[in-house]
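Inside the fold
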Amino acid sequence: MSNISRLLASLITTITCFVLTSTVAVAVEESITVASWGGAYEKVSKEAYFDSFEEATGIKVNIAAFNGGLAQIRVQVDSGHVRWDVIDIESQDGIIGCDEGLLELLDGIELPDGPDGSSAEEDFLKGAITDCTVSHITWSTVIAFNTESFKSNPPNSTKDFFDLEKYPGKRGIRRTPEVNLEIALMADNVPIEDIYDTLSTDEGIERAFAKLDSVKDSLIIWETGAHPPQLLADEEVVMTTVFNGRVFDAQILENQPFEIIWDGQVRDFSRWAIVANTPNLENAMKFVQHTALSSSQAAFANRMSYGPARRSAWSLVQDHIPTGIDMRPHMPTHPNNSKNVLISDAEWWADHKDELTERFSTWLSN
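A brief structural summary. (Residues numbered from 1 in each chain as written. Predicted model: local features only at pLDDT ≥ 70, side-chain atom pairs only at ≥ 80, totals over all residues. Heavy atoms only, no water.)

A word on the overall build of the chain
Tallying secondary structure elements over the chain gives 14 helices and 10 strands in all. In terms of overall dimensions, the chain has a C-alpha envelope of 100 × 45 × 40 Å along the principal axes. Residues classed as buried in the chain amount to 52% of the 366 residues present. Taking contacts inside the chain between residues at least 6 apart in sequence as the whole, the part at least 24 apart equals 74%. (Helix = DSSP H or I, 4+ residues; strand = E, 2+ residues; numbered from the N terminus. Buried < 20%, exposed > 50% of the residue type's maximum accessible area, 1.4 Å probe, protein only. Contact = heavy atoms within 4.5 Å.)

Digging into the packing of aromatic side chains
One pass over the full model with this rule turns up 19 aromatic pairs. With a centroid separation of 5.3 Å and an interplanar angle of 85°, the aromatic rings of F53 and F287 are classed as edge-to-face. Here F53, found in helix α2 (residues 39-57), pairs with F287, found in helix α12 (residues 281-291); they are 234 residues apart in sequence, far enough to count as distant. Summarising the burial analysis for this pair, F53 and F287 share the class buried. Their ring planes at 25° and their centres at 6.4 Å tell us that F300 and Y306 sit as a pair that is stacked. F300 sits in the buried class, given a relative accessible area of 0%. Grouped by ring-pair contacts, the aromatic residues Y41, Y49, F50, F53, W272, F287, F300 and Y306 constitute a single cluster. The aromatic ring of W363 is capped on one face by K216, whose charged end is 4.6 Å from the ring centroid. (Phe/Tyr/Trp six-rings, centres within 6.5 Å; stacked < 30°, edge-to-face > 60°. Lys NZ or Arg CZ within 6 Å of the ring centre and 35° of its normal.)

Let's talk about the packing of helix α4 (residues 91-99) against helix α14 (residues 346-365)
At a closest axis distance of 8 Å, the pairing of α4 and α14 adopts a crossing angle of 65°. α4 and α14 meet at a crossing whose hand is right-handed. Counted together, S91, Q92, D93, I95 and I96 of α4 and A346, E347, W349, A350 and K353 of α14 form the full contact between these two elements. Of the residues contributing to the contact of α4 with α14, the split by class is 5 nonpolar, 2 polar and 3 charged. (Axes fitted to C-alpha atoms, helices over the stretch in contact; angles between N-to-C directions. Left-handed = near helix turned anticlockwise from the far one by under 90°. Nonpolar A, V, L, I, M, F, W, Y, C, P; charged D, E, K, R; others polar.)

A short note on the pattern of salt bridges
A full pass over the atoms with the stated rule returns 14 salt bridges. The salt bridge partner of K43 is E47, with a shortest N-O separation of 2.7 Å. A residue pair is termed a helical-turn pair when its members lie 3 or 4 positions apart in one helix, as K43 and E47 do in helix α2 at 4 residues. Residue classification places K43 among the exposed positions, given a relative accessible area of 51%. Note on E47: relative accessible area 32%, which makes it partly exposed. The shortest N-O distance in the salt bridge between R174 and E90 comes to 3.4 Å. Pair noted here: R174 is in strand β5 (residues 171-174) and E90 is in strand β3 (residues 86-90), with a separation of 84 residues, a long-range link. In terms of burial, R174 and E90 fall into one category: buried. Each of the salt bridges in this network shares a partner with another, and the network as a whole consists of K43, E47 and R303. (Salt bridge = Lys/Arg side-chain N within 4 Å of Asp/Glu carboxyl O.)

Quick look at the state of the cysteines
Under the defined criterion, the tally for this structure stands at 1 disulfide. Note on cysteine connectivity: C98 is disulfide-linked to C132, with sulfurs 2.0 Å apart. Handedness here is read from the sign of the S-S torsion; for C98 and C132, about 60°, the answer is right-handed. With C98 in helix α4 and C132 in the loop between α5 (120-123) and β4 (133-146), this residue pair connects regions lying 34 residues apart in the sequence. In terms of burial, C98 and C132 fall into one category: buried. (Disulfide = S-S within 2.5 Å.)

Quick notes on the pairing of strand β1 (residues 31-36)
Here β1 lies mainly inside the structure; 6 of its 6 residues are buried. Burial along β1 is two-sided: S31, T33 and A35 facing one way and I32, V34 and S36 facing the other are all buried. Direction of pairing for β1 relative to strand β2 (residues 60-65): parallel, over a ladder of 6 bridges. Each bridged residue has a counterpart across the sheet, and for S36 the counterpart in β2 is A65. Read from β1 through α2 to β2, the crossover connection turns out right-handed. Here β1 runs beside β3; their pairing, made up of 2 bridges, is parallel. The residue of β3 that forms the bridge with A35 is I87. (Pairing = 2+ DSSP bridges. Right-handed = clockwise from strand over helix to strand, strands pointing away.)

Here's what the structure looks like:
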């Protein structure tokens, strides 16, 4: 082979290697990892958000298991090995993570207008957009019971959760101070509008824990969203706090005899946040923009009974895609379910979470 031929062969090989390497690099870049909550919630997220985003953009969505909190995110950011791009985060963690620099600021993101032309700022529910998060659904922690446990005169209020004489039996609560302290004060006759002012005093904290003490010997503690419906189904508890969407799934898809007590529901948002220093920032932003579409949020609400975070999406909420039943009466934001609602104060919890989590854990262990 002549020198020219060898040179040409070498050049072709180099170009081929470069093209192959570039192709691989593009393939790697054109994907994001989204951390989600697993189970039925993750399945609905995939159908409503992930699949449609892949179809619209060609960017693949990899799903990572996430159990909440900031510990996993801190490790990734502090180590410089960020493996997640977007996380589905709870409100107070979104505030804390933003303050600690664990999440990207989203002040430059352009969110889509509503179908009626309204701006995102006008269309999203109050509090749905923060410096580092964009909400996609609103959900509630409610009290639910198994109707088999109460053949007559069933419970219908937050107070009934704490009435062991009238409604004997075990209760389920989540292993967090959030919601538990609020419903304790509601049951102790503190008006909804005064809950967080009361909790901001030492006397208010003592009052909440004293109310929890009244049922402490009857408590079973749960941690994952799938656990409380199972407790009800197995009749290990007669009542439990639970995410409203989990009750809906058990009622409609599993034909369980459960009923929700909407009185005193504690409502919150689920929010998308982008992990700080992700190498896929541009594609992560595209994902958040896609889930901010009214049509995307309605696609979620038509599969699971969590309400959209945009007003304009409400008109797109119709029938449950798997079964055909009307979804609107099952939403926490439906007027019939919203007569006595506490909106969780994420700012308050961001300021008090650490100290009250420690105290709640000590209370449980004692």
